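Given next are the chains, with one letter for each unit.
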Amino acid sequence: MRKILFWFEDAWAFGAIHNSLAKELYKHDIYSNLLHWEYKVKPEEWKLLYDTYDLFVTKPDTAPILNSFGIPYEKMAVVAHGQWDYLVYKEKFGIDYYNKLYKFGAVSNILKQKASEFGIPRVPDVMPLGVHFDFYYNKPSTKLQSVGYGGAKQVSNFFGQEIKRGYLVEQIVKNHTPLTLIEHNNYTWMAMPSYYSNIDSIVVSSIEEGAGLPSLEAACAGRLIFSTPVGYFEEHGPNGGGIVLPIETQSFAENLIKQLEFYYYNPDEYYKMCLSIQDYARENYDWSKHIDKWIEFLI
C-alpha cells in the first residue's frame, strides 16, 4: 500500500480537501494522513516520517520549508491552490526547485496558466478538487428567505488587492433586499453541511479564486448559487452550476439585487433552479469524478 503524507493546514479549505481526499484514496489502496504544518515535529521525527511515507504533498511556497527539515524535493508532490502559493516566497526560495520535484500540480486551469505567467519553469498537471456529495446533501430549499456568505470576508492577494469583497454582499443584502444574511463565522469545515442547510442561497463575490469550494458544497445541499466567474465557477456556472455575476463592482451589485428580487418573488422558479443546481453538482462535483487524476499523480 502506498503511503502519502499531506503537509498542510488541518482547517478551513485545506482540512476539508485533504480529509475527504484521504477517504477517497483509501478506496484505491493509497493510505494518506494530514499533518498540520503548525505541529512542532522533532528532528528525529522527520527521519521517522521520511522512512514511513513514500511521498510528501504540500504547496509550492512550503516545499522549501519542508526540504529544510530533511525531506528531498524528489520525494515531494507540490500542488498550487492559489496564486499566492507561487509568489509569497519566490524571492526567498527562487524557482530552481520546481524541476527537482517528483510531481507538480495546480488545482485549476487558471493556476496552470498563472504558473507560466509567473515564470515557473515547469508546467503543472491540473488536479481538480472534489467534494463528497453525500456529506453536503440536503433536500433542496423551497423558498428564498436568506443569503449565505461562506468564505473569508476580507483577504488581500500578494499584490495587496482585496479579492473577497464580503462587504459587498453584506451591503447589498442588508440595504437592498428583504432577505436575511447568514455569514460563515469562522466555523470548522466539519460543521459546514449544517451551515448550508440553514441558508437558501450563497453568494461568492471574489475577483480571484484558485478553486472555490463554497459554491460546490452549497450546490450539493441544493442551494441557489450566485458567483462571479472565478475558480471552478468560471467553467461550471454557465453550464448549470448557478447564476454568474459580473466581477465589476457596480455591475455585480446591480445584477445581484435584480436576481435576488426575481427569485424571492418567484418561488417556483427558485425551487426549480435549486433542483437543477443540485443535479448538476451530483454529476460533476463528487470526488468520484476526479479521483483518477489524483491516483495517477500520487503513484
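Look up a bit, the structure's there.
The text that follows walks through the structure, step by step, so that each part is easy to find. (Residues numbered from 1 in each chain as written. Predicted model: local features only at pLDDT ≥ 70, side-chain atom pairs only at ≥ 80, totals over all residues. Heavy atoms only, no water.)

**Re the overall build of the protein**
The following threshold applies: Strands here are runs of E lasting at least two residues and helices are runs of H or I lasting at least four, both read from the DSSP assignment and numbered beginning at the N terminus. Note on classification: 1.4 Å probe, protein chains only; a residue is buried when its accessible area is under 20% of the maximum for its type, exposed when over 50%, partly exposed between these limits. Working rule for contacts: check all heavy atoms of both residues, and any pair within 4.5 Å makes them a contact. Areas reported as accessible are Shrake-Rupley estimates using a 1.4 Å probe. Residue values count occlusion only from the protein chains shown. Asp and Glu are treated as the negative residues and Lys and Arg as the positive ones, with His and the ends of the chain left uncounted. The location of each charge is read from NZ of Lys, CZ of Arg, CG of Asp or CD of Glu.
Across its full length, the protein carries 14 helices and 11 strands. A total of 299 residues make up the protein; the buried ones form 52% of that total. Within the protein, contacts between residues at least 6 apart in sequence are counted, and of these 66% link residues at least 24 apart. If you sum the accessible surface of the protein, you get close to 13800 Å²; carbon and sulfur atoms cover 49% of it. Looking at charge distribution, the protein has the averaged site of its 28 positive side-chain charges lying 3 Å from that of its 36 negative ones.

**Some thoughts on the pairing of strand 8 (residues 180-183)**
This is how the line gets drawn: Between any two strands, at least two bridges found by DSSP are needed for them to pair. By convention, a crossover is right-handed whenever its connection, traced from the first strand over the helix to the second and viewed with the strands pointing away, goes clockwise.
Alignment of strand 7 (residues 146-149) against strand 8, held across 4 bridges, turns out to be parallel. Counterpart to Ser146 in the pairing with strand 8 is Thr180. Between the parallel pair strand 7 and strand 8, the chain is carried across by helix 8 (residues 166-176), and the sense of this crossover is right-handed.

**Some details on the packing of helix 1 (residues 12-26) against helix 14 (residues 291-298)**
Cut-off, in case you're wondering: Axes here refer to lines fitted to C-alpha atoms; in helices the fit is confined to the stretch in contact. Angles between the N-to-C directions go from 0 to 180 degrees. Working rule for angles: under 35 degrees goes down as roughly parallel, over 145 as roughly antiparallel, 65 to 115 as roughly perpendicular, anything else as oblique. Residue type decides the class: Asp, Glu, Lys and Arg count as charged, Ala, Val, Leu, Ile, Met, Phe, Trp, Tyr, Cys and Pro as nonpolar, and the leftover types, Gly among them, as polar.
Orientation of helix 1 relative to helix 14, taken along the N-to-C sense of each, is 80 degrees, at an axis distance of 11 Å. Between helix 1 and helix 14, the angle is such that the two are roughly perpendicular. Of the residues in helix 14, those touching helix 1 at Leu21, Glu24 and Leu25 are Ile291, Trp294, Ile295 and Leu298. Residue composition of the contact of helix 1 with helix 14, by class: 6 nonpolar, no polar and 1 charged.

**Considering unusual backbone geometry**
You will see that Trp12, though not glycine, has its phi angle at about 50 degrees, which is positive. The topology assignment puts Trp12 in helix 1. The residue Asp29 is not glycine, and still its phi comes out positive at about 65 degrees. Mapping Asp29 onto the fold places it in the loop between helix 1 and strand 2 (30-36). Residue classification places Asp29 among the partly exposed residues on the basis of a relative accessible area of 46%.

**A word on the sheet that holds strand 1 (residues 2-8)**
Pairing is parallel across the open sheet formed by 6 strands, whose spatial order is 2-1-3-4-5-6. Only two strands of the sheet have a single neighbouring strand rather than two, namely strand 2 and strand 6 (125-126). In this structure, strand 5 (residues 103-106) lies alongside strand 6, joined through 2 bridges in parallel fashion. Paired with Ala106 across the two strands is Val126, which belongs to strand 6. Sheet strands touched by helix 2 (residues 43-52): strand 1, strand 2 and strand 3 (55-58). Its angle to strand 1, the strand with the most contacts, is close to 140 degrees. Where helix 6 (residues 109-117) meets the sheet, its contacts fall on strand 4 (76-80), strand 5 and strand 6, and the angle it forms with strand 5 comes to roughly 120 degrees.

**Points about the side chain of Arg223**
Convention followed: Each polar contact in these results corresponds to two N or O atoms within 3.5 Å; when the atoms are within protein, one needs to be able to donate a hydrogen and the other to accept it, and residues that are neighboring in sequence are counted only if both atoms are side-chain atoms.
Mapped onto the elements, Arg223 comes out in the loop between helix 10 (213-220) and strand 10 (224-227). Within the structure, Arg223 has its side chain in polar contact with the backbone oxygen of Ser197 (distance 3.1 Å). A polar side-chain atom of Arg223 sits 2.8 Å from the main-chain carbonyl oxygen of Ile199. Among all residues touching Arg223, those that are not within four sequence positions of it are Asn138, Lys139, Pro140, Ser141, Tyr196, Ser197, Ile199, Asp200, Ser201, Ala218, Cys274 and Ile277.

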